[in-house]
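Spelled out, the chains give:
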Amino acid sequence: MTLAPETTDLKVQLALDDDWFTVCDLSMLLPGRGVAALLPDGRQAAIFRDRSGELFAIDNRDPFTGAAVLSRGLTGSHQGRPFVASPLLKQRFDLASGQCLDDEAVQVTVYKVRTA
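- As annotated in an unreviewed UniProt entry, the protein chain carries the name Nitrite reductase small subunit and comes from Streptomyces lomondensis.

Structural data, given as structure tokens:
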């Protein structure tokens, strides 16, 4: 199935410190897929859009391997909560909280996200 590109001027922004940082056009986010964005301090964020249109942003670095790959992970849901599974070792991270669903001691950073 091919999705028609959206015609919108909306930008996706992440909350960094006390300001909003524009990372991409909303049209770049396909439901169920992630994109990586380089942040001003050199970190990377993984931005996701679920099938209902809700946006999520977490750290792109997989804490188990150190690789910046979470944006390439598979998305799904567990008990109604959206997650991304790392493409390397398959640990799942809750997109809303950053909590690892497979190891309670591990969590990734979550960013507030909006469109403007």
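On we go from here.
**Quick notes on the sheet that holds strand β5 (residues 55-59)**
Okay, so step 1: With antiparallel pairing, 4 strands are arranged side by side in an open sheet as β3-β4-β5-β9. On the outer flanks of this sheet lie β3 (34-38) and β9 (110-111), each paired with one strand and no other.
Okay, so step 2: Sheet topology places strand β4 (residues 44-49) next to β5; 5 bridges connect them, and they run antiparallel. Pairing of Ile-47 across the sheet is with Ala-57, part of β5.

**Comments concerning the pattern of salt bridges**
Okay, so step 1: Tallying each qualifying case throughout the model produces 4 salt bridges.
Okay, so step 2: The partner of Asp-25 in a salt bridge is Lys-11, and the shortest N-O contact between them spans 2.3 Å. Of this pair, Asp-25 sits in strand β2 (residues 19-25) while Lys-11 sits in strand β1 (residues 11-16), and the two are 14 residues apart along the sequence.
Okay, so step 3: Lys-11 gets classed as partly exposed once you look at its relative accessible area, which sits at 32%.

**Regarding the sheet that holds β2**
Okay, so step 1: Read across the sheet, 3 strands follow the order β2-β1-β10 without closing on themselves; strand pairing throughout is antiparallel. Both edges of this open sheet fall to β2 and β10 (113-115), since each of them pairs with a single strand only. Ignoring which end each strand starts from, the neighbouring axes of this sheet average 35° apart.
Okay, so step 2: Relative to β2, β1 is paired through 6 bridges, and the arrangement is antiparallel.

Cut-offs used in this document
Residues numbered from 1 in each chain as written. Predicted model: local features only at pLDDT ≥ 70, side-chain atom pairs only at ≥ 80, totals over all residues. Heavy atoms only, no water. Pairing = 2+ DSSP bridges. Helix = DSSP H or I, 4+ residues; strand = E, 2+ residues; numbered from the N terminus. Salt bridge = Lys/Arg side-chain N within 4 Å of Asp/Glu carboxyl O. Buried < 20%, exposed > 50% of the residue type's maximum accessible area, 1.4 Å probe, protein only. Axes fitted to C-alpha atoms, helices over the stretch in contact; angles between N-to-C directions.

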